[in-house]
Amino acid sequence: MHLKETDTLLFIGDSITDAGRDRTDSASLGRGYVQEIARTLRARTSTGAGPAVINKGLSGNRVYDLESRWTTDVIDHRPTVVTVKIGINDTWRRYDRGLISPVDEFEACLDRLLAETARTLSARLFVITPFLLPVTSDQEGWYEDLSPRTDAVLRAAQGNGAHVVRADLALRRAAEEREAAELAPDGVHPSPLGHRLIADAWLAAVDAVTADPPS
């Protein structure tokens, strides 16, 4: 997919997208995969400008939190490319707070957000799968909740014509050669290397889209 300097790329999600961005500065992209993507896209252009990039990640968000701010944080910016990364907190809160996010409700909510965006903006959609690299024995049990949730993300993406970035597979492959903690020290939040791998997976997914959808 050819990105133009006139494109506006908006990324929204939880702390993995947030990555410590300065929320008082609309230009702040944080120190994670969004910043890595922006740097790479700037380096690819002859002018060094690249498309506009907006980071609307918020630490701690679940899918329902995204829905509550979708109009102001996504629709009102009129982006041409929207990327959503959500799901791990919907799983995590079950195990650390007993806060359940039923998979069917999670899927319905994500489906609504993608459908509204496609209908309102005609934006190109990307969805990054949630992932986990267990570093404790307790985290191994999280897959009971996360695996069906990842399937739900894939179904919502397919149902709305969104391109999928398989961050879960990219990081799992990397973990075959490195310690999980080297990629995500707590099993959830990526290291700089982990963020770079997510950025590379996103860029590969964009490059694989050979043409814009018909208008």
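Residues numbered from 1 in each chain as written. Predicted model: local features only at pLDDT ≥ 70, side-chain atom pairs only at ≥ 80, totals over all residues. Heavy atoms only, no water.

### Observations regarding the nonpolar core
Membership of the largest hydrophobic core comes to 39 residues, with the highest contact counts inside it found for Tyr33, Phe126 and Trp202. Of all the elements in the fold, those that place two or more residues in this core are β1 (8–13), α2 (33–44), α4 (88–96), β4 (124–128), α8 (167–174), α9 (180–183) and α10 (192–208). If one sorts the elements of this core by residue count, α10 sits on top with seven residues. Residues Leu110, Leu121, Val153 and Ala162 belong to the second largest nonpolar core, which totals 25 residues. (Core = buried A, V, L, I, M, F, W, Y, C linked by side-chain atoms within 4.5 Å. Buried < 20%, exposed > 50% of the residue type's maximum accessible area, 1.4 Å probe, protein only. Helix = DSSP H or I, 4+ residues; strand = E, 2+ residues; numbered from the N terminus.)

### Quick notes on the pattern of salt bridges
The tally for this structure, following the rule as stated, stands at 16 salt bridges. Glutamate 144 is the partner of arginine 94 in a salt bridge, and the nearest nitrogen-oxygen pair spans 3.8 Å. You can see arginine 94 sitting in helix α4 and its partner glutamate 144 sitting in helix α7 (residues 143–159), a full 50 residues away along the chain. Here arginine 149 ties to aspartate 145 by a salt bridge, and the two come within 2.7 Å at their closest N and O atoms. You can see arginine 149 and its partner aspartate 145 sitting in helix α7, four residues apart, about one turn around the helix. (Salt bridge = Lys/Arg side-chain N within 4 Å of Asp/Glu carboxyl O.)

### Considering the side chain of arginine 124
Following the sequence through the fold, arginine 124 ends up in strand β4. Engagement of the side chain of arginine 124 in a polar contact is seen with the side chain of aspartate 7, the distance being 2.7 Å. (Polar contact = N/O pair within 3.5 Å; in protein donor to acceptor, adjacent residues only side chain to side chain.)

### Observations concerning the environment of methionine 1
Relative to the elements of secondary structure, methionine 1 occurs in the segment before β1. Residue methionine 1 is classed as buried on the basis of its relative accessible area of 9%.

### Overview of unusual backbone geometry
Phi is positive for alanine 19, which is not a glycine, with a value near 50°. Take alanine 19: it is sitting in the loop between α1 (15–18) and α2. Looking at alanine 19, the relative accessible area reads 12%, which means it is buried. Unlike most non-glycine residues, serine 122 shows phi in positive territory, near 55°. Checked against the element boundaries, serine 122 lands in the loop between α5 (103–121) and β4. Looking at serine 122, the relative accessible area reads 63%, which means it is exposed.

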